[in-house]
Amino acid sequence: MPKTIQEINERISKGNAVVLTAEEIIDLVDEKGVDKAAEEVDVVTTGTFGPMCSSGAYINTGHANPRIKMGGGKVTLNDIPAHAGLAAVDLYIGATAIPDDDPRNKNYPGEFSYGGGHLIHDLVAGEDIRLVATAYGTDCYPRKKLETLINIKDLNEAVLFNPRNAYQNYNCAVNASGKAIYTYMGTLKANLGNANYCSAGQLSPLLNDPLYKTIGIGTRIFLGGGRGYVVWQGTQHDPGVARADNGTPLAPAGTLAVMGDLKQMKPEWLVGASFQGYGATLTVSLGIPIPILNADICRHVAVKDEDLYAPIIDYSDSYPNCKPGSLGKVSYAELKSGSITVNGREVPTASLSSYSKAKEIAGILKGWIKEGSFLLTEPLGALPGADSGYAFTSLPMREIE
Amino acid sequence: MTSKRIVLHFPQRLVNQPIVSDLVRRYGLEFSILKAYVTPDEEGLLVLEITGTQQACEQGQEYLASVGVSVQPLSQDVLRNDERCTHCGACIPLCPTGALSVVRPEMTIKFDNEKCIACELCIKACPTRAMELHF
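All values derive from a computational prediction rather than experimental measurement.

Put simply, Tyr108 of chain A and Pro109 of chain A share a cis peptide bond, and its omega is -10 degrees. Considering the arrangement of structural elements, one finds Pro109 of chain A in the loop between strand 7 (90–94) and helix 4 (116–124). Geometrically, the link from Arg104 of chain B to Pro105 of chain B is a cis peptide bond, its omega value of 5 degrees lying close to zero. With respect to the secondary-structure elements, Pro105 of chain B resides in the loop between strand 6 (100–103) and strand 7 (108–111). The backbone phi angle of Phe112 of chain A is positive, close to 50 degrees, even though this residue is not glycine. Inspection of the secondary structure assignment puts Phe112 of chain A in the loop between strand 7 and helix 4.

This part covers the nonpolar core. Residue and element names in this part refer to chain A. Of all hydrophobic cores here, the largest spans 105 residues; its most connected members are Leu77 and Leu262. When residues in this core are grouped by element, the largest group, 7 residues, is from helix 8 (residues 355–370). Summarising the domain contributions, this core has at least three residues from each of domain 1 (5–52 + 161–386) and domain 2 (56–160). Not counting residues within four places of it along the chain, the set of residues in contact with Leu77 comprises Ile59, Ala82, Leu91, Ile93, Leu119, Ile129, Arg130, Leu131 and Ile150.

Residues and elements named next belong to chain A. Pairing is mixed in the open sheet, where 3 strands are placed in the order 1-2-21. In this open sheet, the two strands that pair with only one neighbour each are strand 1 (19–21) and strand 21 (289–291). In this sheet, adjacent strand axes meet at a mean angle of 25 degrees when their direction is disregarded. Taken together, the 3 bridges between strand 2 (residues 43–45) and strand 21 define a ladder with antiparallel strand orientation. Each residue of the ladder has a partner; that of Val43, found in strand 21, is Pro291.

Here we take up the environment of Ile92 of chain B. Structurally, Ile92 of chain B is set in the loop between strand 5 (78–80) and strand 6. Classification of Ile92 of chain B as buried rests on a relative accessible area of 16%. Separated by 74 residues in sequence, Ile92 of chain B and Pro18 of chain B have C-alpha atoms that sit 37 Å apart. Beyond its immediate chain neighbours, meaning those up to four positions away, Ile92 of chain B contacts Thr349 of chain A together with Leu100, Ser101, Val102 and Ile109 of chain B.

With that out of the way, let us pick up the environment of Glu42 of chain B. Residue and element names in this part refer to chain B. With respect to the element layout, Glu42 can be found in the loop between strand 2 (30–38) and strand 3 (44–52). A relative accessible area of 46% means that Glu42 is categorised as partly exposed. Setting aside residues up to four positions removed in sequence, Glu42 forms contacts with Gln12 and Val15.

Residues and elements named next belong to chain A. Read across the open sheet, the 4 strands follow the order 6-5-8-9; overall the sheet is antiparallel. Looking at strand neighbours, the two that pair on one side only are strand 6 (80–82) and strand 9 (145–150), the edges of this open sheet. Pairs of neighbouring strands in the sheet enclose a mean axial angle of 25 degrees, with direction left out of account. Pairing analysis gives 4 bridges linking strand 5 (residues 74–77) to strand 8 (residues 129–134), with the strands arranged antiparallel. Directly across from Leu77, in strand 8, lies its bridge partner Leu131. Contacts from helix 4 reach strand 5, strand 6 and strand 8, with the element oriented near 120 degrees to strand 8.

Here the focus is the domain arrangement of chain A. Residue and element names in this part refer to chain A. Taken domain by domain, chain A holds domain 1 (5–52 + 161–386) and domain 2 (56–160). For domain 1 and domain 2, the distance between their C-alpha centroids amounts to 31 Å. The partner domain 2 presents 29 residues to the 29 residues of domain 1 that form the contact. Summing both partners gives a buried area of about 2100 Å² for domain 1 against domain 2, and 64% of it is carried by carbon and sulfur. Among the residues domain 1 hides against domain 2, the three largest losses belong to Phe161, Leu262 and Lys263. Together they make up 29% of the total. Counting the contacts that link domain 1 with domain 2 gives 0 salt bridges. Our count for the contact surface shared by domain 1 and domain 2 stands at 14 residue pairs in polar contact (both at pLDDT 80 or more). Among the secondary structure elements, those contributing two or more residues to the side of domain 1 that touches domain 2 are strand 10 (157–165), strand 12 (181–183), strand 18 (256–261), strand 19 (270–275) and strand 20 (279–287). The element contributing the most residues to the side of domain 1 that touches domain 2 is strand 19, with 6 residues. Its residues assigned to classes, the side of domain 1 that touches domain 2 shows 18 nonpolar, 8 polar and 3 charged.

Conventions adopted
- Residues numbered from 1 in each chain as written.
- Chains lettered and ligands numbered in written order.
- Predicted model: local features only at pLDDT ≥ 70, side-chain atom pairs only at ≥ 80, totals over all residues.
- Heavy atoms only, no water.
- Helix = DSSP H or I, 4+ residues; strand = E, 2+ residues; numbered from the N terminus.
- Core = buried A, V, L, I, M, F, W, Y, C linked by side-chain atoms within 4.5 Å.
- Buried < 20%, exposed > 50% of the residue type's maximum accessible area, 1.4 Å probe, protein only.
- Domains from an automatic or database assignment.
- Contact = heavy atoms within 4.5 Å.
- Pairing = 2+ DSSP bridges.
- Axes fitted to C-alpha atoms, helices over the stretch in contact; angles between N-to-C directions.
- Buried area = accessible area lost by both parts, 1.4 Å probe.
- Salt bridge = Lys/Arg side-chain N within 4 Å of Asp/Glu carboxyl O.
- Polar contact = N/O pair within 3.5 Å; in protein donor to acceptor, adjacent residues only side chain to side chain.
- Nonpolar A, V, L, I, M, F, W, Y, C, P; charged D, E, K, R; others polar.

Printed below as a string of structure tokens:
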């Protein structure tokens, strides 16, 4: 019999909801079948922990005396340029921002040892941050220069606001060229020396709700060790890609824009990352509960790594030069086994997304729901679906006269 | 016969001396060079695997120390900062000896000091910089 989110929440409040992780549900469905499992289980929790570049945080520092209008001026936080094109003391920190004096790739491959992602981690860890601002000065905001330490506990607001997280599936990256390349998918050795992938597979949120039946705008989630919300479809949301019979996409597809109060997040769940030769970013932890409203939803959350496929993309040519086509597809079970076959060759694999941490996230979220401290939400709006026509397009470049 | 992996630091005044060949001449030790470089302040760093009798290995290391070379066992060199490691696996394809490996089915990353030859390839390839070089 179908359930409602309200009924599930009542059970959560009474402390008797049945909650499993997206890994645990697989065994139960194998044992009892989809219909029986759907009756028994109320919620399935998912998780993912990987580098997600389209992440960042906005903060409001409060006003100095005399006041300064940082908006339109220049601001750095621990030497990382913050976006100051907002009101007087609102700033946005992007995960990939790097200090102006970072050598970048001048000494190739660059190290990118400290960037916006590291800054967000330090802020969450409660460390003092050096703020240096210059402004042009106005009658109402006369100060032109400000140098001070700031701390998250003194900020009016500190909000993680990530325009694109939780990619529903991702490429498996290889390098078919004759020299090593340094990419956001890690170091790729020459001549198909390794294959790097980046998804939690059977634990990944959107792979467990492939057609966005339960995850939507307003869904409450685990974010950065605290609680956050899905606020929109993510940028580059691309629901119309080819899908397998089980509804899961065969290429990168849906994405989520998420936000949450940075003040209640934890540094171990928002970790700065450096990709040699590529740049700095933020490793984001994210977990989404899926209410088991009916057997159809239960069938989707029972998906296994062996039924999820990633396209194999050559990052020495196809990717940078936007050439369509792949070197084939490979299941997450094969990727997790340690080696795959590409063009008849055995290629060792590596993950950039931590499966063991994804499992931990799903477990923590399960604990919150079981103890009654995390209730599920009814989505306020749906994400554009597979048949919506919503698509990710490339830039139509035009000459500037 | 026994084998030991050692890290040698040569102060500037010794960099041009034929000290390692003495290990062969005086103590009959075999050696293979796992890594060698001269630091920007012109000190020499050499990572060796020496093979010989237990006694010869000890005497050889004593000799190196007596002429002013600092000697450390290799296992002290590359360490994992467990607080920083997220167990992703970006290091795995770069490790030439299998010192870094995936534990299945948990999918956690194991670091085995004994197998590490301190090639340092993992250090910059680790996104969270969990692999650290300690001299």
